Amino acid sequence: EMVLLTLVFHLSLWILMLIGPHLPWVKAYEAELQRLQAEQQQKVAERQRENARFVFVQPRIEPEVAFVLKKSLKGPGVTVHEALRAVDFVLPALEIVDSRIRDWKIGLFDTIADNASSGAVVLGSTPTDVGAVDLRLAGATFHRNGEVVGTGAGGAVLGSPLNSLVWLANTVGARGVTLDKGAVVLPGSVCAMSAVAAGDVFTATFAGLGSVTARFV
């Protein structure tokens, strides 16, 4: 029902854009449609907030360094130096990946159909200047309920998380997509992901970047 309403709205708006210049009442009607869509989106957001704790199917979690951009990056042709200048700060992060495919027995087509196993991200609260830490050598420890389940360093991500950021900007840029100012970019995990169970508490600690924690209930 929600999808149908959205399709009807966009179809109506497209028709109005075509005939609008000839109808004096179009602007008022369009404003009413926009108001109705805003109310619809708010209701959807409220439902999502209410059901947030039931989002995951069979989650796994992994530690990453998150980039927050202060200026847009548009490839192809982006260099490491350009990427550095585009980064506002870095944060410790935990990416939650999830799959609707039973037992994670997934192939390429399954991954595409399942939104690339995307779940959620938990960001730390300690912004660090990207030039203050050598991300290649920044070591990380990954704990589950107080026990170490993984270790790694930024160099595990294409030699440096910055290389991953450059690759992403150039790859999507060649397809007309820009990494916008304010975007949060996750370059890849520094160690193997871990399965998640109710009651688990995960903490990732990065040298020079601080730590981030996720608790599952």
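Residues numbered from 1 in each chain as written. Predicted model: local features only at pLDDT ≥ 70, side-chain atom pairs only at ≥ 80, totals over all residues. Heavy atoms only, no water.

S.K.: Just checking my understanding: could you explain a nonpolar patch on the surface for this structure?
M.R.: On the surface, a nonpolar cluster with roughly 410 Å² of combined accessible area is contributed by Leu108, Phe109 and Ile112. Summarising the element assignment, Ile112 is placed in helix H4 (residues 108–113). With a relative accessible area of 59%, Ile112 lands in the exposed category. (Patch = residues over 30% accessible without salt bridge, like charges linked within 9 Å, V, L, I, M, F, W, Y side chains within 5 Å. Areas by Shrake-Rupley, 256 points an atom, 1.4 Å probe, with all protein chains shown as cover. Salt bridge = Lys/Arg side-chain N within 4 Å of Asp/Glu carboxyl O. Helix = DSSP H or I, 4+ residues; strand = E, 2+ residues; numbered from the N terminus. Buried < 20%, exposed > 50% of the residue type's maximum accessible area, 1.4 Å probe, protein only.)

S.K.: Help me out: how do you make sense of the pattern of salt bridges in this one?
M.R.: Oppositely charged side chains are able to pair whenever their charged atoms sit close together. As enumerated under the stated definition, the model contains two salt bridges in all. Where Asp134 meets Arg136, a salt bridge forms, and the shortest distance between an N and an O atom there is 2.7 Å. Here Arg144 makes a salt bridge to Asp200, at a shortest N to O gap of 2.7 Å. Note that Arg144 is positioned in strand E4 (residues 139–144) and Asp200 in the loop between strand E7 (194–195) and strand E8 (201–206), a separation of 56 residues in sequence. With relative accessibility at 5%, the residue Asp200 sits in the buried group.

S.K.: What am I meant to see in the sheet that holds E8 here?
M.R.: Across a sheet, paired strands are connected by hydrogen bonds in the backbone, their directions being either parallel or antiparallel. Here four strands make up an open sheet; going across it, the order is E5-E4-E8-E9 and the pairing antiparallel. Two strands lie at the open edges of the sheet, namely strand E5 (147–153) and strand E9 (210–215), each paired on one side alone. Taking the axes of each pair of neighbouring strands and ignoring which way they run, one obtains an average angle of 15° across the sheet. (Pairing = 2+ DSSP bridges. Axes fitted to C-alpha atoms, helices over the stretch in contact; angles between N-to-C directions.)

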